Amino acid sequence: MSATKPVVLLAEELSPATVEALGPDFDIRSTDGADRSQLLAAIADVDAILVRSATQVDAEAIAAAKNLKVIARAGVGLDNVDIKAATQAGVMVVNAPTSNIISAAELTVGHIVSLARNIPQASAALKNGEWKRSKYSGIELFEKKIGIIGLGRIGALVAARMQGFGTEILAYDPYVTSARAAQLNVRLVSLDELLAESDFVTIHMPKTPETVGMLGAEAFEKMKDTAYVVNVARGGLVDEAALYEALQAGKIAGAGVDVFVKEPSTDLSFFALDNVVVTPHLGASTAEAQEKAGISVAKSVRLALAGELVPDAVNVAGGVIAQDVRPGIPLIEKLGRIFTALSHDSVTAIDIEVAGEIASLDVKALELAALKGIFTDIVSEQVSYVNAPVLAEQRGIEVRLLTTPDVDDYRNLLTIRGALSDGSRLEVSGTLTGPKQIQKLVGVNGYDLEIPISEHLIVLIYQDRPGVIGALGRVLGEKDINIAGMQVARNSEGGQALSLLTVDSSVPQDVLEALKLEIGASVAREVDLQD
């Protein structure tokens, strides 16, 4: 009697090539994922589900799917998948992180060309019976300066394509080395320089608390009044209210926008302006991108259900990983994010050291998880176990995985060390303790400490002296921010000290500045580890 085939549910219409990529080894079923009752009934006994954007795979759906092992999103965004609930249920989530990069880059170029030559406006006028040659006179792109904020995969593709117009490319990305910029024939500049010099500014950053509203009133004040802004990356990177005011006041010449804070959006104030080109989130809306996405996740589903390493898994590495190594994956990913939050310059080299009992096992997954954490908050694309090493290579970062059985004080110790462009070094270490395998941060730049890793960490470096702890408590108390835990380490009495605080809520930038001013800190950073 033959074994029952694993069940794969197609919750939305996917291309024939997607089904072909799955192959004959599965029982393939279809349902209308947008119909909630149909979805909950159909998902009950499936091993994998493939979705696009219309199907909500939330905690309720995951709980209803008792056999579910993989959720595959045929695209980049994962807003419709509850990753936390999936992880808690042991369900792998995969997507197609590189499927739309060419399409997104080409749409960016399309917006730039449309703004330069008023193509959409002229077309609409002519179709309305109006011949307005003089009104829609434009500008040449030749010898103009294109400012790219975020030189990741999409930003680099935009740079390459815009160079074909004979433009000069300026870029701001604190995590890209000068060697990588030279390779791309791009001039690295500060953000202020980019805003002041560029004729077109296009942003390709991840959406984080630091980048939301990155192009707002202050940025528009620094730009030429002849400059244009383009956002095809994430809604919210451009402050929509400030954009309208800048356009109305003539502080910038125009804008091209594909993504919005709330979607769908059909009646934002700047939609009425003639110097604005808008599209309904079309970055991935090409036949080629959709085809690539479907085939990519179909291959991931095959790997996952075969128990192999899944490169595009966003929550777990998957594959044959030793049981003792697995708990270290989320820990070292968080260490990577802490490393990034504390770095003040671009990284040129990274050492990932695994010390202790697990050092004799295959710990390659820990290297991948560390790199995934390091790049998660600094690139616009989804970071996975396959593209994290590529991101390091693209940036000219040398990566080494080191193992040693020797370790003091702990059974196992995971450390990320990095060399920064200014010649300084950065190091963070963590471990797992007790039967519950509690994740702890136990070292930062040579300071010994031991504190559980929480969603919100504050790191402060200052001159050791009496009264600092009370001052920190007072400032945070006045801002209604509760301290959950705190530890202080110092290199000598009266020397440099490091305070690490875990708090119950996110810390606004103005509060960090108040803490820094209050105790004269040289460093005051929040590390936000929320999913």
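Residues numbered from 1 in each chain as written. Predicted model: local features only at pLDDT ≥ 70, side-chain atom pairs only at ≥ 80, totals over all residues. Heavy atoms only, no water.

The number of helices and strands found in the protein chain is 17 helices and 22 strands. For the protein chain, whose C-alpha radius of gyration is 25 Å, the value lies close to the compact-globule estimate of 24 Å for 531 residues. The C-alpha extent of the protein chain, read off along each of the three principal axes, is 80 × 75 × 45 Å. The buried share of the protein chain, reckoned over its 531 residues, is 51%. Taking all contacts inside the protein chain whose residues are at least 6 apart in sequence as the whole, residues at least 24 apart take part in 63%. In the protein chain, 46 positive and 69 negative side-chain charges are present, and the distance between their average locations comes to 3 Å. (Helix = DSSP H or I, 4+ residues; strand = E, 2+ residues; numbered from the N terminus. Rg over C-alpha atoms; globule rule 2.2 N^0.38 Å. Buried < 20%, exposed > 50% of the residue type's maximum accessible area, 1.4 Å probe, protein only. Contact = heavy atoms within 4.5 Å. Lys, Arg positive; Asp, Glu negative; His and termini not counted. Charge placed at Lys NZ, Arg CZ, Asp CG, Glu CD.)

Here the focus is the environment of S492. Note on placement: S492 falls in the loop between β20 (483-490) and β21 (496-503). Owing to a relative accessible area of 36%, S492 belongs among the partly exposed residues under this scheme. Distance from S492 to D464, taken between C-alpha atoms, is 8.3 Å for residues 28 residues apart in sequence.

Below, the discussion takes up the nonpolar core. Grouped together as the largest cluster of nonpolar side chains are 48 residues, with contacts concentrated most on I332, L335, I338, L366, F375, I416 and L441. Inspection of this core shows a minimum of three residues originating in each of domain 3 (319-453) and domain 4 (454-530). If near-sequence neighbours (up to four positions away) are discounted, L366 is found in contact with V325, G328, I329, I332, I352, V354, I358 and L414. (Core = buried A, V, L, I, M, F, W, Y, C linked by side-chain atoms within 4.5 Å. Domains from an automatic or database assignment.)

Tallying each qualifying case throughout the model produces three aromatic pairs. Considering the side-chain rings of F260 and F271, the 5.6 Å spacing of their centres and the 70 degrees angle between planes classify their relative orientation as edge-to-face. Of this pair, F260 sits in the loop between β11 (254-257) and β12 (276-278) while F271 sits in the loop between β11 and β12, placing them 11 residues apart in sequence. On the basis of relative accessibility, which here comes to 7%, the residue F260 falls in the buried class. Under the relative-accessibility criterion, F271 is labelled partly exposed at 24%. Pairing F270 with F271 gives two aromatic rings, centres 5.3 Å apart and planes at 75 degrees, and the pair type is edge-to-face. An aromatic cluster is present here, built from F260, F270 and F271 joined pairwise through their rings. (Phe/Tyr/Trp six-rings, centres within 6.5 Å; stacked < 30°, edge-to-face > 60°.)

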